[in-house]
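The primary structure of each chain is shown beneath.
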Amino acid sequence: MKKLLGSFLLVLLLNTIVEAQKIKYKDLFYLIETGNYKDSDPLLKTYIKDPKNVDDANANLQMAYLYERKVAATDVLFDAEKLVSYADSALYYYNQSLKYIDEKEVTKKNEEYYQAFQRRDIRTGKFGVKLADVQFDIENKSKALEDKKSKVQELQIYYNKTKTTYQQVVGDFKEIKADYPSETILYLQSNEELLDRIEQLKVNANVAQQNFGYFEATLKKIDKPGYAPARHMADIVDYKKDGESVADITADNVDFWDFEKWVDSFKEGVKEVIVPLRTELIEYDQSLNGLEERIMTDSMAMADRIKPMDGVLSKLREFDDDPMPEHLFKYKIADIKRKSNLMEHLYFRDSSNIDYQLNVATADYKFLNDQDSLINILIGRNLVEDSKNYESFINAQYKNLEGLQQYLKSSLDLTISEKKRSDELLSKLKERSKWLIGKTDSIPIFEGVNVGLSKYAPLVINDELTAGLYFSGRKPAAGYFALITDSRTQEMKVEFKVDNEHFKKQNLDLINTMLAADEEGHFYYVMYYIQQPEMETYAASICKIYTSDGLAWEKDIKLDTAPKELVINDNTGDIIIEYDIENYLGGAEIPDRLVLDKKGAVK
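These figures come from a predicted structure and were not determined experimentally. (Residues numbered from 1 in each chain as written. Predicted model: local features only at pLDDT ≥ 70, side-chain atom pairs only at ≥ 80, totals over all residues. Heavy atoms only, no water.)

Colleague: What am I meant to see in the pattern of salt bridges here?
Modeller: Within this structure, the stated rule accounts for 35 salt bridges. Here R338 makes a salt bridge to D364, at a shortest N to O gap of 2.7 Å. Of this pair, R338 sits in helix α12 (residues 324-344) while D364 is found in helix α13 (residues 354-379), placing the two residues 26 residues apart along the sequence. Across the pair, D364 and R338 agree in class, each one buried. Taken together, the shared-partner salt bridges connect R338, D364, E418 and R421 into one network. (Salt bridge = Lys/Arg side-chain N within 4 Å of Asp/Glu carboxyl O. Helix = DSSP H or I, 4+ residues; strand = E, 2+ residues; numbered from the N terminus. Buried < 20%, exposed > 50% of the residue type's maximum accessible area, 1.4 Å probe, protein only.)

Colleague: Would you mind showing me how to read helix α5 (residues 80-100) here?
Modeller: The periodicity of an α-helix, 3.6 residues per turn, causes residues three or four places apart in sequence to face the same way. Taking 1.5 Å of rise per residue, 21 residues should cover 30 Å, and α5 covers 30 Å from first to last C-alpha, within 8% of that figure. For α5, every residue scored as buried is listed here: A80, L83, V84, Y86, A87, S89, A90, L91, Y93, Y94, Q96 and S97. (Expected span 1.5 Å × (residues − 1).)

Colleague: Mind showing me how you'd approach the packing of aromatic side chains here?
Modeller: A ring pair, where both rings are aromatic, is described by two values, the distance of the centres and the angle of the planes. Tallying each qualifying case throughout the model produces 38 aromatic pairs. Between F173 and F259, the aromatic rings sit 5.2 Å apart at their centres with planes inclined by 65°, giving edge-to-face as the arrangement. Highlighted residues: F173 in helix α7 (residues 131-179) and F259 in helix α10 (residues 259-298), separated in sequence by 86 residues. An identical accessibility class is assigned to F173 and F259; each is buried. Positioned over the ring face of Y239 is K177, at 5.9 Å from the centre of the ring. (Phe/Tyr/Trp six-rings, centres within 6.5 Å; stacked < 30°, edge-to-face > 60°. Lys NZ or Arg CZ within 6 Å of the ring centre and 35° of its normal.)

Colleague: I'm lost on the packing of α5 against α7 in this one. Help?
Modeller: A pair of packed helices is characterised by two quantities: the angle between their axes and the separation of those axes. α7 packs onto α5 with a crossing angle of 160° between their chain directions and a minimal axis gap of 10 Å. Considered as vectors, α5 and α7 are oriented roughly antiparallel to each other. Between α5 and α7 the crossing geometry is left-handed. For the pair α5 and α7, the contacting residues are A80, L83, V84, A87, D88, A90, L91, Y94, S97 and L98 in the first and Q135, I138, E139, K141, S142, L145, E146, K149, V152, Q153 and Q156 in the second. Broken down by class, the residue content of the contact of α5 with α7 amounts to 11 nonpolar, 5 polar and 5 charged. (Axes fitted to C-alpha atoms, helices over the stretch in contact; angles between N-to-C directions. Parallel < 35°, antiparallel > 145°, perpendicular 65-115°, else oblique. Left-handed = near helix turned anticlockwise from the far one by under 90°. Contact = heavy atoms within 4.5 Å. Nonpolar A, V, L, I, M, F, W, Y, C, P; charged D, E, K, R; others polar.)

Colleague: Hey, could you run me through the sheet that holds strand β15 (residues 563-568) in this one?
Modeller: With antiparallel pairing, 3 strands are arranged side by side in an open sheet as β15-β16-β17. The sheet is open, and its two borders are formed by β15 and β17 (593-596), each paired with just one other strand. Put simply, the sheet's adjacent strands are angled 15° from each other on average, direction ignored. Pairing between β15 and strand β16 (residues 575-579): 5 bridges, direction antiparallel. Among the inter-strand pairings, I568 is bridged to a residue of β16, identified as I575. (Pairing = 2+ DSSP bridges.)

Here you go:
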């Protein structure tokens, strides 16, 4: 009931003030005293604007209180300019009130407007208001306002500095990541310019943290600022993702990226790993160059002195899974191995051993083939990008990118030229290895001889010998036998007669051969045989050949069925022709073998 009555009286009072179009301070003060600032503040401002009321001491004091309340209600960060303006207004009215409040004012109006300052006099025991108390309170409030105003302005400076410097650090870090998209590239391409940029990033990050420290300290000096931020430093773990968000400095937990820690870690990695690694790459390349020089100057094989590159490459692959120097080293190693192989067989072309020449030439061609693949891999790389990753290595060993490109171009040209030469030599030796060279003719020792063009029709070719039929064109067919020598020359060749009725060129696909030799290889038996048309019997020509003396004897014979094996009796020297009885289809009874003595007579 009392609350309703109070509200009624308040409304009545406001209506009375408005209707009278003249504000009575006594009525206005009632609104202030009851805390109805919503209604009292505009009326108080109107009242004090009246020239007649400018010197109203209490009204000026209440105006100061009004603006001090606004100061307390204004955000110290986002409305700092407004807060300072309110503080200036409050200070102005405090000064005005000091000017107009005197002994008469506090004595006459103490019970109405200055009850807040009443206190008991120690000497008289009476309650009253002293001018000094009022002045002292106004002066203290003014000092407090001046101090808060100063702190808020200072706070605004450090807030803006922290925000600006930290945003700059994040922006600089983003620019570094744009220039160096991965941490691998960042490490490999690190140079003085990059290290200076990163060091400046650390300096700026430190300044940002100092500014935040000042901001935090200043904030604590302000009474009830409305903010209590706590700093938290987050490590940069994922280079591609971390370090891009900007901290909210007004949050309870302010998450800063620890750029200083990251910079220290990066610089330590460059110093302890990258710089020594670059030195190792240069030294390894120099060691390969030195081996190649020794080969050329001393004509010595150096392949066994190649140092393993696993150690340096394992470190390098931690930053680059396909490093250019690895391919360059592989090419140089292949070149050293090839040249060393040639040094080990320096005079192979002077050898009479065709197989030896062919083996050396084949190995040389394989080395060149490997080099061709390796140099083309290098030529096909993005060398511009490689030059960024391995700038110090390239500059130290090849002066610049153009120097490396020239080295690779000349290496490619040389490899192509050498490969062509090697291919020609290899083809020549392969062709040479197919023939046994004699004074007047050559015997083919390869499959697929064109018997329409060749006088020789090989029936047997192995690593040791060849045998077949010889068609001179002037005489009937003859048999031939020759040992295959390293020099591929006809050092031991024998011709012998064969059954010309059956052993003809048109029957070559039907002719079979059997050979037998003693264990020491002193003599050989050679037998050609062919099945007679529509018969179980076979026509055969057999001979015995000594490797030292040549043809011992030759003989045409008839076989009762297909032979299975030629066997030499070591005791008697007889040659035994074992028949293939198991597959014999004839009706007549036949022996299981045919035996000739060592002089060719049938036993």
